[in-house]
Structures are given as C-alpha cells and as structure tokens.
Amino acid sequence: MLKIPSISDAEKLIEEKLGGWFDIVISHIPNFIVAVLIAIIFSILARFLGSMVRKLLRRTLDSKQIADLMASIFKMVVLCVGLFVALDFIGLKGTVTSLLAGAGIVGLAIGFAFQDMTENLIAGIAMGVRKPFKTGDVIKTDDVFGTVKSINLRNTLIENFYGQLNLVPNKILFRNVLRNYSTLGVRRIEVPVGISYGDDPELAAEVIVKKINEFDFVIKQEETAVYAEGFGDSSVNLLVWFWIKYPGEADFMTVRHKAIVAVKQALSDADISIPFPIRTLDFGIKGGEKLDAMISEKRTEKNSMEQREAN
C-alpha cells in the first residue's frame with residue numbers, strides 16, 4: 001500500500017535538499033570568484049590585444065574596414081577562450097561542450113543561409129591580406145576595366161573609362177584572372193599597321209622606330225620595335241611596340257592616337273604606302289583559264305545563240 005509522506009517529512013526532505021545545495025554553493029564560491037576574475041582578466045586582455053592588432057593591421061592593410069573586422073574577430077576569440085576557461089574552472093564542462101556544439105551548428109546554418117555574402121566577405125578579407133591591388137590602381141577582370149575607387153568587405157568600387165561606377169563582388173575579383181596595370185608602373189602599346197607588298201618592311205621598321213622614339217612619353221626606347229606579323233590580303237602586316245609609364249601624365253588613348261598619327265606620317269615621308277584592300281583576279285594560274293580565252297569563248301557562245309534565234 002502506497003504511503004503518503006506527512007507534511008513534516010516533506011519539510012525535512014526540502015530542508016535537506018536546500019541545505020545540500022547551499023553547501024554546494026558555499027563550496028563553489030572560491031571557484032566562482034576565481035572564474036569571475038578570469039573572465040575580467042581575459043576581457044581586459046582582449047581589449048588590449050584587440051587594440052594592438054587593429055593598429056598593426058591598419059598599417060599593414062589598405063582597407064580600414066577589413067583591419068577593424070579582423071581585429072574584432074581576434075578580440076571575440078580571446079573573450080570566448082576566457083569564457084570557456086572560466087566555465088570549465090567552476091566545473092561546467094558540459095556547458096562548455098554544449099556552447100561549442102551550439103556555436104558550430106549556428107555557424108554552419110549561417111554559412112548556408114548567407115553563402116554568397118559569406119563568400120564575398122572571406123574573399124574581401126583574403127584580398128586585404130594578399131593585396132593584389134589598392135585604391136587608385138587600374139585593374140581589369142572579366143568585362144570590368146577601370147580605376148579602383150574603394151575597397152569594402154563585400155565588394156570593390158571601380159570607375160571605368162566611360163565615367164561609370166561598377167560595384168564588383170569581391171568573389172569575382174578573387175576567383176578570376178586579374179590584371180593590375182599599376183603594379184609595375186609601365187605598359188606596352190601595340191599599334192598594328194600594313195604596308196604594300198612592293199615596299200621594304202625593314203625600311204618601314206626603321207623609319208617607324210625613329211619617329212616613335214621622338215616622343216617624350218616613350219620609355220625604354222631601346223626596346224621600341226616593329227615586327228612583321230604576317231601576310232595579309234593586301235599588305236604585309238606589321239606590329240609596332242613601345243613602352244610608356246602607366247599610369248602617367250599622358251593617358252593611354254592620347255598616346256595611342258599620337259602613335260598612329262606618327263606611324264602614318266613616318267611611312268608617308270618614306271614614300272611607303274598603306275594600301276587599301278585589293279583583289280586580284282588571276283585567270284592564268286595553273287589549272288585556270290586565261291581571261292582573253294574566256295571572253296572569246298563567251299562571245300562565240302553569244303553569236304551562236306543569236307544565229308539560232310535568227311533562223
């Protein structure tokens with residue numbers, strides 16, 4: 001038969017439980033105080049180290065946003081380490097394990113939910129460390145070609161040469177082939193030109209090189225050269241190469257315009273022609289018929305048809 005405890009027994013049981021809990025709390029007070037001190041020490045340490053890391057990264061990285069973000073992440077890592085040490089010191093190992101597991105699950109969920117944003121953020125941080133370009137550089141990737149105006153955590157602002165602003169996600173700049181025209185400070189200009197088959201390519205190269213090297217913006221003048229590129233339908237195709245400072249006082253379009261005008265003037269002064277498209281009909285080649293024979297044959301056929309029509 002089930003025995004129902006009396007009120008006095010219940011009061012005694014509750015008193016024993018409360019007394020046991022009180023003893024446990026009293027016994028853990030020193031550990032609790034030490035844990036609080038550990039948390040305070042790690043908080044001060046995180047603030048101090050975070051400030052040092054931020055100053056160091058701001059001197060190292062071009063983007064202050066990336067530097068501040070990485071410093072904040074470092075500060076949070078130090079705080080979390082202090083929290084876990086404090087919880088473990090007061091005997092809450094299970095709580096530490098649960099927090100770590102929960103943080104991992106939450107981080108995984110956030111990563112999947114904001115995959116595109118996270119990818120751009122990570123790419124921005126990686127580029128901030130690697131520094132493939134900086135503000136003011138002229139870069140080209142995919143269909144974007146222009147000057148870098150600002151670098152953010154998620155995207156980069158580029159002004160193209162048509163005066164338009166392009167907001168490019170950092171993952172595109174990180175994944176694809178990137179050309180930086182400002183790193184070396186020089187750029188090679190190429191100008192194609194064709195001369196007639198009756199003119200001398202060596203003479204053309206000589207007069208073009210001499211004319212191009214007269215410009216002040218041409219550097220490495222010993223490397224200014226003209227190469228025969230191939231045989232065209234109406235001309236021998238040449239390729240003019242020379243170097244300029246880039247970016248420099250003379251912009252690319254102005255330099256190329258002056259170079260084309262100079263090449264035309266040099267060839268004209270040397271009496272070397274730039275031919276129009278020419279088509280030559282040769283009926284006398286092997287396996288073909290001569291033009292006069294074809295005309296005679298056509299006339300004979302025409303006369304025969306006229307005689308038949310008259311009869």
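Please refer to the structure placed before this passage.
About the cut-offs
- Residues numbered from 1 in each chain as written.
- Predicted model: local features only at pLDDT ≥ 70, side-chain atom pairs only at ≥ 80, totals over all residues.
- Heavy atoms only, no water.
- Pairing = 2+ DSSP bridges.
- Helix = DSSP H or I, 4+ residues; strand = E, 2+ residues; numbered from the N terminus.
- Core = buried A, V, L, I, M, F, W, Y, C linked by side-chain atoms within 4.5 Å.
- Buried < 20%, exposed > 50% of the residue type's maximum accessible area, 1.4 Å probe, protein only.
- Contact = heavy atoms within 4.5 Å.

J.: What should I look at first to understand the pairing of strand 4 (residues 165–169) in this one?
T.: Both strand 3 (residues 155–160) and strand 4 contribute to a ladder of five bridges, which runs antiparallel. Looking across to strand 4, one finds that Asn155 is bridged to Pro169. Hairpin connection of strand 3 to strand 4: four residues between the antiparallel strands, including Gly163 at a positive phi of 80 degrees.

J.: Could you clarify how one ought to interpret the nonpolar core in this entry?
T.: For soluble globular proteins, the rule of thumb is that nonpolar side chains tend to be buried together. Ile208, Ile212, Val240, Phe242 and Leu267 are the most contacted members of the largest nonpolar core, which has 26 residues in total. The element that contributes the greatest number of residues to this core is helix 7 (residues 252–269), accounting for six residues. Ignoring sequence-local partners within four residues, the contact set of Val240 consists of Ile189, Glu190, Val191, Val193, Ile208, Ile212, Ala225, Val226 and Val263. Within the second largest apolar cluster, nine residues are counted, among which are Met127, Val144, Ile158 and Leu173.

J.: Can you walk me through unusual backbone geometry in this structure?
T.: Both trends apply: most residues other than glycine have a negative phi, and most peptide bonds are in trans. The backbone of Lys220 shows a phi angle near 50 degrees, a positive value even though the residue is not glycine. A relative accessible area of 34% means that Lys220 is categorised as partly exposed. One non-glycine residue, Asp271, lies in the positive phi region at around 60 degrees. Inspection of the secondary structure assignment puts Asp271 in the loop between helix 7 and helix 8 (291–310).

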